Amino acid sequence: MDFRARQRRAVRALKGSGTAEHPVEALLVTHLPDVRYLCGFTGSSGALVLGAGKATLYTDGRYTVQAKAEAVGTKVEIVSKSAVLTACEAIAAAGVTRCGFDAAQTTVASLEAMQKTMPAKLRKAMFQPVGPIVARLREVKDKSEIEIIRRAALVGCGLFDKALGMMRSGMTEVAVAAELEHAARLAGAERMSFDTIVASGERSALPHGHASAAKLPKRGFVTLDFGVVIDGYCSDMTRTVHMGRALEDELRVYDAVLEAQEAAVAAIRPRVSVGEVDEAARSVLRRAGLDQYFTHSTGHGLGLEIHEQPRLAAKQTQLLERGMVVTIEPGVYLPGRFGVRIEDMVLVTATGGEVLTPSVKAWTQL
Ligand code: ZN
Ligand code: ZN
């Protein structure tokens, strides 16, 4: 990972913030995934200041050894008080008069605390909201990130195959989740990307049905939605399989969701808007008379976090770019009856989209 290059890109993105008289000279980064992205530090407490060709990481004594090992090329300051507030004091002491921060990652309370560290004459003007500069950089993955994400996606696919081999009617959803998560750890996962979803029978109509004590039915759908974290990067995939004999409308809904999912994957390429990709899925379900049961967006970016920009939702105008990694996950949920969702991770390539989660999507009956 070339952290120095990332730091330079972040500082470059600051240009144009502030006024000609008072340009924004430094960037305070407090959102930990952003800190990790910019300097490699993976601890649970820290703040990074970028500016004037320098990067300084502030963290506490628990991370003395780890910070120096991870944040190579970045100056490390071990502090005894709050990392963020010590960083603020250092910014003022260095003569900076305008410092950018990401308002989406800063609470009102922490902004007030940051301002309180300032001498009176700097208090009002020092901290300038400059937008999600780092989040925007993180949308487009570099080679090393894509390599890790590919691995994470394939570990997920391996776990799905394992799940297929062990699922039986009568087994509880939590037992399925437990087996999956145990296998994930053995396969090298640091943790799951989010609470594993195992939603069976009627519960498959819950878009976020976390694994419960419910038993897998003799007959009906089971939706598995899960992901692993490998070297900090998240995977995310969903498959819906069927236990026992299928009813005609179950087959019809499954086919429609699969067609919608494949249409959206096929729509992915650089310079296409995320709204168009969403519409590719939604229009298939509209033709099938099912669009009112597709109650969420089509997908999201992912990387160091499970939900990142861009968001692939109706009418959104952001354009996809080569190197983005997004999910495509349309679903249809018939309350009290059943639901179907299919989700892949897709890399935006120079000419289209490459599916990173090649697990079978054809109707699967256990
Ligand atoms: Zn998912
Ligand atoms: Zn997802």
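Keep in mind it's a predicted model, so treat the numbers as computed, not measured.

(A) Layout of the packing of aromatic side chains. Inspection of every chain in the model, using the stated rule, returns five aromatic pairs. An angle of 85° between the planes, with centres 5.3 Å apart, marks the rings of Phe41 and Tyr63 as edge-to-face. In this pair, Phe41 is assigned in the loop between α2 (32-39) and β2 (47-51) and Tyr63 in the loop between β3 (54-60) and α3 (64-70), connecting sequence segments 22 residues apart. With relative accessibility at 11%, the residue Tyr63 sits in the buried group. Relative to Trp363, the ring of Tyr254 lies with its centre 5.3 Å away and its plane at 85°, an arrangement referred to as edge-to-face. You can see Tyr254 sitting in helix α10 (residues 248-267) and its partner Trp363 sitting in the segment after β19 (353-355), a full 109 residues away along the chain. Overall, the relative accessible area of 25% leaves Trp363 in the partly exposed class. Cluster of aromatic residues (ring-pair linked, three or more members): Phe221, Tyr254, Phe338 and Trp363. For Arg6, the ring lying beneath its charged end belongs to Tyr37, and the centroid distance is 4.1 Å.

(B) Region of the structure containing the coordination of the zinc ion (ligand 1). Within the protein, Asp225 (OD), Asp225 (OD), Asp236 (OD) and Glu343 (OE) serve as the donor atoms for the zinc ion (ligand 1), at 2.0 to 2.7 Å. Around the zinc ion (ligand 1) sit four donor atoms, and with donor-metal-donor angles ranging over 54 to 150° the site reads as irregular. Read from N- to C-terminus, the donor residues coordinating the zinc ion (ligand 1) fall into the pattern D-x10-D-x106-E. In this model, the zinc ion (ligand 1) sits 3.1 Å from the zinc ion (ligand 2), the two metals being bridged by Asp236. Of the two residues, Asp236 sits in the loop between β11 (233-234) and β12 (237-243) while Glu343 sits in the loop between β17 (338-341) and β18 (344-348), which places them 107 residues apart along the sequence.

Calculation rules
- Residues numbered from 1 in each chain as written.
- Chains lettered and ligands numbered in written order.
- Predicted model: local features only at pLDDT ≥ 70, side-chain atom pairs only at ≥ 80, totals over all residues.
- Heavy atoms only, no water.
- Phe/Tyr/Trp six-rings, centres within 6.5 Å; stacked < 30°, edge-to-face > 60°.
- Helix = DSSP H or I, 4+ residues; strand = E, 2+ residues; numbered from the N terminus.
- Buried < 20%, exposed > 50% of the residue type's maximum accessible area, 1.4 Å probe, protein only.
- Lys NZ or Arg CZ within 6 Å of the ring centre and 35° of its normal.
- Donors = N, O, S within 2.8 Å, 3.2 Å for Na, K, Ca; no water.
- Tetrahedral: all angles 85-135°; square planar, octahedral: opposite > 155°, others 65-115°.

From the geometry alone we can't say anything about function, so treat these as descriptive.
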